[in-house]
Amino acid sequence: MVRGSRRKALIGSLLVLSLVAAACGSDDDEGGTTATSVGEAEEVKDGGTISYAAEQEPTGFNNLTSKDNLLELRHVMRHIWPYAYLAKPDFSVEPTPTLAGEAEVTSQSPFTVQWKINPKAVWSDDVPVSSDDFEWNYLSCNGKVDPGEPTAVDEDSGETISGLDCASTSGLDQVTKFTKADPKTFSMEFEAPYVEYEGLFGDPMPPAHIGKTLPGGWNTGFDASPLLSAGPYQLKEWDKGASITLERNPKWWGPKPHLDTIVFRQLPDPSGHPTALDNDEVQIIYPQPQVDLFDKVRQLDGVHAEANFGPAWEHLDFNFKNPLLAVKEVRQAVAYGLDRDRYVDTLMKPFSDKASRLDSRVFVSNQAEYEAHGEEYATRSVEKATAALKKAGFAKGADGIYAKGADKLSFRLRVLSPNPLREQLQELIKDDLKEVGIDIRIDNFSAPDSIGKIGSTGDFDLFIFAWIGTPFEISGTQQIFASDSDSNFGKYANKKVDAAIKKVSSTLDEADRAAELNKIDEMLWEDLPNIPLFQKPAGLLAYSTKYANITDNTTSEGFFWDSSSWGLKATAG
Amino acid sequence: MGPQGDGGLNATGVTTRRLSGAGPVILGSDVLAFTLRRLVVSIPVVLASSFIVFVLVATAGGDPLADLRLRPGVSEATIELRRQELNLDKPVLERYGIWAKGAVTGDLGRSIRNEDVGELLVRRLGVTMRLVLSATIIAVLLAIVIGSVSALKQYSKFDYAATFASFVFFSMPVFWLAAVLKDVGIRANDALGRKVFFTVSEQTPNQVGGFLTIWADRIGHLLLPSLTLILISMAGWSRYQRGSMLEVLNADYIRTAKAKGLSGRVVLFRHALRNALIPVVTVVAIDFAAILGGAVVTETVFGWAGMGRLLVEALGVQDVNVVQAWLLVTAMVVVLFNLIADILYGYLDPRIRRG
């Protein structure tokens, strides 16, 4: 029996890094950060309700379908349906009460992992949470069934399943066999070692025993109601367009939550959230951080507000298809020329003095494994930049721009517009590089063009956007830097990096894995496929101080991660 | 001679023929024929507008499934399925045909997020109706009173004050007025020591209590957004009423009525006010249809999920079925309210018998 040591991964369906959803051109990206605060447990009383200002409303309750794969719905469903692992604010993970313990690697060849379900885990109709529930999730999201086909027969189970709409097949598409040992034990075989298996079944899953026979089934069967609960809360009422109310689930076997009800009020306009909080119409908000909104909330009496570093990080990408940018010295000159500390001071410090430069591409600063690399480029040096250019044979022209023959160092720098933060960043970079002798031409694009489209077509020289998620460092690193990855927009290729990524993908030991990943980052600093700039805040958590034990969690788990311990302060009236 | 002279233009641009001499208000059969005629005429208008809007939205250049494509892990097969479900794989004309066929049978299709559009529309329209109906009625009544009194007491302190206030509210951005009112509401709550004014949505979720508690809560939620709409709408309408009233008061037939020895009350209410209401009716009919289509800013700022927000959201994701449904409703409302306005002309001015 083989087991990984301490797990370090984020739970969630986001197995691969995703482009920042909010990067699609709004002010939402503006933001800054303060350190994550984890409040000390305070005595609270049982009872009471809390209302949260939700910006999105689902059309149904199956968070695993592409139509309802919304963060706000996950906040709701994590209270109702079971899932396997919980990601904590420090990015460590632990099994939820749905499991009887840690999942275990039972074989290296074929790579096999076994999950045991808590014997106490039961749906609110008294049917046990079982291997069948996990199997239905697996069958629905393994990518082997074409959603366009009316039915298909699963080779392993022989079950006939209808076309299924699943938001993410990542991870489960690597599974070659699903075996139910008994109603509370199941295992899965993988085609290759899959060390990030704790991320599987990370989203709340629907009850199989009624879902399979429900009209609409997986895709739409849960549109009106989640029907059953196997979590701390259950649905009390859904007033469409207005609110979703949860009440305690009497059949819940885990720690009893203090609050009687949690209300998700549908308030799509975040600018109204501070006044609603001030007027006690909601007691907790989590809008995208914006300086003016943050200032407004900070002035409210009886409100605690904080913005915390998230897993989204801004970076400047190079397109290796541009022959000039394929020259290492040119990339080095850009890296030397950037005053990354100034960008942090200008753009992030308005939120918090603790904002800082990001010096890694594989870990973010919230993680214990984070190591700062690229010390060479930590401080801006125009001299080093120009020296690198001269070394590569470039000479300064009459216009102050370096060139080699007819090849002038003039590049298109693109961002998805409108995005005030990135547009300001562009200007700062343009000024810095002009001083070096590199001309920057700002050439932004807008919807319907997307970051994915511009990136995948390679229609850029330099490109600023953010990667988000980093639920699994290996998947993320592979996705961005492996030479055969579609998301390697700049077409960077280094066989040594490819080999290192492949090696770490099968390293089970956590410490070894972290060390290998940090080595990869050092290699990346050597090659400079991109330059990490800074982390962005996940959101602005603000809540009424009548409540206690609310702490932020910038992983995909979100700030509801510990809602069972939330409560009205024992001293509150 | 009436305020608009012989043969003026009504709200819809249709020339009205005014018959001299007092007569009965439009006869029942006349009203019916008139209504039917107008409704029949409106059908091609609605059809043409629905076609134009459909083509414009469907060919706007964006990708309705862009959001889905951006999400990690969504398979190509899933995206393809959604494309087929939404008929995005078909030519625009065929898509319009499918939509129109469904719309005729009452099936407005499904949204990009797979919601029943008919159900969505009914819900959103209900929200907007609750918000704008009472606000419009109050705004109209206040505008008539203030406009008329301003005209009667032209250049008085009241007239100056009303004129000043009208221009202030007329030129004030709605979102700003709403923000100010919210702030005032919260301060008032603090001063009162209880929550009378609410700043978001239509009601407190899961409100428990008796009939009075529930209605006090609903009215509390309605106060600030209604006040916003009332102040903005009333500002413009009261100016129309004032101008119209002044014109009527200076008309020959009012002088004649006074010379005949009719009491001031009869002259004011039966002769002056009645005629002066015609332009206001026109403006209110058009404005109300527009408001029902969406008091977008007010709905957004106060967190009401109404028609305006529905349109903005749908346009943002090129949800053509939702935009079409919105268009159908607002087009019908425009037709309906113009019809009501025309019928009201007949009531207000008996010389208008038929269009």
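All figures in this text were calculated on a predicted structure; none of them were measured in a lab.

Section: the overall build of chain B
Okay, so step 1: Helices and strands together make up the secondary structure of chain B, namely 13 helices and two strands.
Okay, so step 2: Of all 355 residues assigned to chain B, the portion counted as buried reaches 46%.
Okay, so step 3: Working note: accessible area of chain B is about 17600 Å², and carbon and sulfur atoms make up 68% of it.

So, the state of the cysteines
Residue and element names in this part refer to chain A.
Okay, so step 1: Across all of its chains, the model carries one disulfide over all chains by this definition.
Okay, so step 2: Bridging Cys 141 to Cys 166, the disulfide has an S-S length of 1.9 Å. Across the S-S bond linking Cys 141 and Cys 166, the dihedral sits near 90°, which makes this disulfide right-handed. Placement of the pair is Cys 141 in helix H2 (residues 131-141) and Cys 166 in the loop between strand S9 (160-162) and strand S10 (175-182), with a sequence separation of 25 residues.
Okay, so step 3: Using a relative accessible area of 1% as the deciding quantity, one classes Cys 141 as buried.

Looking at the sheet that holds strand S19 (residues 407-408) of chain A
All names here are of chain A.
Okay, so step 1: On the basis of which strands lie adjacent, the open sheet formed by three strands has the order S17-S18-S19 and antiparallel pairing. Each of the sheet's edge strands pairs with one partner strand only, and the pair in question is strand S17 (395-396) and S19.
Okay, so step 2: As paired strands, S17 and strand S18 (residues 402-404) are joined by two bridges and run antiparallel to one another. Bridged to Lys 396 within S18 is Tyr 402.

Let's talk about unusual backbone geometry
Okay, so step 1: That bond from Ser 109 of chain A to Pro 110 of chain A is cis: its omega, -5°, falls within 30 degrees of zero.
Okay, so step 2: Position of Pro 110 of chain A among the secondary structure elements: in the loop between strand S6 (104-108) and strand S7 (111-116).
Okay, so step 3: With phi around 60°, Asn 87 of chain B is a residue other than glycine that occupies positive phi space.
Okay, so step 4: Mapped onto the elements, Asn 87 of chain B comes out in the loop between helix H3 (76-85) and helix H4 (92-104).
Okay, so step 5: Notably, Ser 201 of chain B is not glycine yet its phi reads approximately 60°, a positive angle.
Okay, so step 6: Its location among the elements puts Ser 201 of chain B in the loop between helix H7 (174-192) and helix H8 (211-249).
Okay, so step 7: Overall, the relative accessible area of 6% leaves Ser 201 of chain B in the buried class.

Observations regarding the pattern of salt bridges
All names here are of chain A.
Okay, so step 1: The final tally for this structure, using the stated rule, is 39 salt bridges over all chains.
Okay, so step 2: Salt-bridge contacts for Lys 180 lead to Asp 132; the nearest nitrogen and oxygen are separated by 2.8 Å. Here Lys 180, found in strand S10, pairs with Asp 132, found in helix H2; they are 48 residues apart in sequence, far enough to count as distant.
Okay, so step 3: Judged by relative accessible area, which is 39%, Lys 180 ranks as partly exposed.
Okay, so step 4: Residue Asp 132 is classed as partly exposed on the basis of its relative accessible area, which comes to 32%.
Okay, so step 5: A salt bridge links Lys 328 to Glu 526, with the nearest nitrogen and oxygen atoms 3.6 Å apart. In this pair, Lys 328 sits in helix H7 (residues 328-337) while Glu 526 sits in helix H14 (residues 510-527), placing the two residues 198 residues apart along the sequence.

A closer look at the interface of chain B and chain A
Okay, so step 1: Listed by partner, the interface residues are 37 residues for chain B and 44 residues for chain A.
Okay, so step 2: Carbon and sulfur atoms supply 53% of the area buried between chain B and chain A, which totals about 3200 Å² over both sides.
Okay, so step 3: Counting the contacts that link chain B with chain A gives one salt bridge.
Okay, so step 4: Secondary structure elements with two or more residues in the side of chain B that touches chain A: helix H2 (66-70), H3, helix H5 (117-152), H7 and helix H11 (296-301) of chain B.
Okay, so step 5: Tallying contributions element by element places H3 of chain B first for the side of chain B that touches chain A, with four residues.

Here we look at the nonpolar core
Okay, so step 1: By size, the foremost hydrophobic cluster in this structure holds 141 residues, and its most contacted members are Trp 115, Met 188, Phe 190, Tyr 197, Phe 201 and Ile 438 of chain A.
Okay, so step 2: Per-element accounting of this core gives the leading share, six residues, to helix H10 (residues 420-436) of chain A.
Okay, so step 3: Ignoring anything within four residues of it in the chain, the contact list for Phe 190 of chain A reads Pro 110, Phe 111, Val 113, Trp 115, Gly 171, Gln 174, Val 175, Thr 176, Tyr 197 and Leu 200 of chain A.
Okay, so step 4: Counting 74 residues, the second largest nonpolar core, distinct from the first, contains Val 127, Ala 139, Trp 237 and Phe 288 of chain B.

Side note on the confidence of the model for chain A
Okay, so step 1: Of the residues in chain A, 88% reach a pLDDT of 70 or more, and the chain-wide mean stands at 86.
Okay, so step 2: Confidence drops under a pLDDT of 50 for residues 1-39 of chain A, and excluding neighbours within four residues, the segment shows 168 contacts in the predicted structure.

Some thoughts on H14 of chain A
Okay, so step 1: Under the 1.5 Å per step criterion, the end-to-end length of H14 of chain A is 26 Å for 18 residues, consistent within 8% with the ideal 26 Å.
Okay, so step 2: Turning to H14 of chain A, its buried residues are Glu 510, Arg 513, Ala 514, Glu 516, Leu 517, Asn 518, Ile 520, Asp 521, Leu 524, Trp 525 and Asp 527 of chain A.

Some thoughts on the pairing of strand S12 (residues 233-239) of chain A
Residues and elements named next belong to chain A.
Okay, so step 1: Here S12 pairs with strand S13 (residues 243-248) via six bridges, running antiparallel. Following the sheet pairing, Tyr 233 is matched in S13 by Arg 248.
Okay, so step 2: The antiparallel pairing of S12 with S13 creates a hairpin that spans three residues between the two strands, and Gly 241 there sits at a positive phi of about 80°.

Focus on a nonpolar patch on the surface
Residues and elements named next belong to chain B.
Okay, so step 1: Residues Phe 211, Leu 212, Ile 214, Trp 215, Ile 219 and Leu 223 make up a contiguous nonpolar surface patch of about 620 Å² in total accessible area.
Okay, so step 2: By the element assignment, Leu 212 lies in helix H8.
Okay, so step 3: We classify Leu 212 as exposed; its relative accessible area is 69%.

Digging into the environment of Tyr 347 of chain B
Okay, so step 1: Its place among the elements puts Tyr 347 of chain B in helix H13 (residues 320-348).
Okay, so step 2: Considering only alpha carbons, one finds Tyr 347 of chain B and Gly 264 of chain B, 83 residues apart in sequence, at a separation of 22 Å.

As for the packing of aromatic side chains
Okay, so step 1: Applying the stated criterion across every chain, the model contains 41 aromatic pairs over all chains.
Okay, so step 2: When the ring of Phe 186 of chain A is compared with that of Phe 201 of chain A, the centres are 5.7 Å apart and the planes differ by 85°; the resulting orientation is edge-to-face. Residue Phe 186 of chain A is found in strand S11 (residues 185-190), and its partner Phe 201 of chain A is found in the loop between S11 and helix H3 (208-211); the two are separated by 15 residues along the sequence.
Okay, so step 3: Classification of Phe 186 of chain A by relative accessible area gives buried; the value is 0%.
Okay, so step 4: The buried category is assigned to Phe 201 of chain A, whose relative accessible area is 4%.
Okay, so step 5: A connected cluster of aromatic rings, assembled from ring pairs, spans Phe 111, Trp 115, Phe 134, Tyr 138, Phe 178, Phe 186, Phe 190, Tyr 194, Tyr 197 and Phe 201 of chain A.
Okay, so step 6: One Lys or Arg, Arg 74 of chain A, reaches over the ring of Tyr 83 of chain A and ends 5.0 Å from the middle of that ring.
Okay, so step 7: Directly above the ring of Trp 215 of chain B sits Arg 218 of chain B, whose terminal nitrogen or CZ lies 5.9 Å from the centroid.

Let's talk about the packing of H7 of chain B against H8 of chain B
All names here are of chain B.
Okay, so step 1: Following both chains from N to C, one finds H7 and H8 inclined at 135°, their axes separated by 10 Å at the closest point. Comparing the axis directions of H7 and H8 gives the class oblique. Note that H7 runs across H8; the crossing there is right-handed. For the pair H7 and H8, the contacting residues are Val 174, Leu 177, Ala 178, Leu 181, Lys 182 and Gly 185 in the first and Leu 224, Leu 227, Thr 228, Leu 231 and Ile 232 in the second.

Some thoughts on the sheet that holds S11 of chain A
Residue and element names in this part refer to chain A.
Okay, so step 1: Reading across the sheet, the four strands line up as S6-S7-S11-S10 and stay open at both edges, with antiparallel pairing between neighbours. In the strand order of this sheet, the two ends are held by S6 and S10, each with one partner. Averaged over all neighbouring strand pairs, the angle between strand axes comes to 20°, with direction disregarded.
Okay, so step 2: Across four bridges, the pairing between S6 and S7 is antiparallel. Directly across from Ser 107, in S7, lies its bridge partner Thr 112.
Okay, so step 3: H2 rests against S10 and S11 of the sheet, and its axis sits at about 165° to S10.

A look at the confidence of the model for chain B
Residue and element names in this part refer to chain B.
Okay, so step 1: On average, chain B scores 81 in pLDDT, and the residues at 70 or more come to 87%.
Okay, so step 2: Within the model, pLDDT remains below 50 along residues 1-26, and this stretch shows 50 contacts once partners closer than five positions in the same chain are excluded.
Okay, so step 3: Two numbers describe this predicted complex: its pTM, 0.78, and its ipTM, 0.75.

Here's the deal with the packing of H5 of chain B against H8 of chain B
Residues and elements named next belong to chain B.
Okay, so step 1: Look at H5 against H8: their axes get within 5 Å of each other, and the N-to-C directions meet at 35°. Where H5 crosses over H8, the two elements pack in a sense that is right-handed.
Okay, so step 2: Residue classes in the contact of H5 with H8 are distributed as 21 nonpolar, nine polar and three charged.

Cut-offs used in this document
Residues numbered from 1 in each chain as written. Chains lettered and ligands numbered in written order. Predicted model: local features only at pLDDT ≥ 70, side-chain atom pairs only at ≥ 80, totals over all residues. Heavy atoms only, no water. Helix = DSSP H or I, 4+ residues; strand = E, 2+ residues; numbered from the N terminus. Buried < 20%, exposed > 50% of the residue type's maximum accessible area, 1.4 Å probe, protein only. Areas by Shrake-Rupley, 256 points an atom, 1.4 Å probe, with all protein chains shown as cover. Disulfide = S-S within 2.5 Å. Pairing = 2+ DSSP bridges. Salt bridge = Lys/Arg side-chain N within 4 Å of Asp/Glu carboxyl O. Contact = heavy atoms within 4.5 Å. Buried area = accessible area lost by both parts, 1.4 Å probe. Core = buried A, V, L, I, M, F, W, Y, C linked by side-chain atoms within 4.5 Å. pLDDT = per-residue confidence, 0-100. Expected span 1.5 Å × (residues − 1). Patch = residues over 30% accessible without salt bridge, like charges linked within 9 Å, V, L, I, M, F, W, Y side chains within 5 Å. Phe/Tyr/Trp six-rings, centres within 6.5 Å; stacked < 30°, edge-to-face > 60°. Lys NZ or Arg CZ within 6 Å of the ring centre and 35° of its normal. Axes fitted to C-alpha atoms, helices over the stretch in contact; angles between N-to-C directions. Parallel < 35°, antiparallel > 145°, perpendicular 65-115°, else oblique. Left-handed = near helix turned anticlockwise from the far one by under 90°. Nonpolar A, V, L, I, M, F, W, Y, C, P; charged D, E, K, R; others polar.

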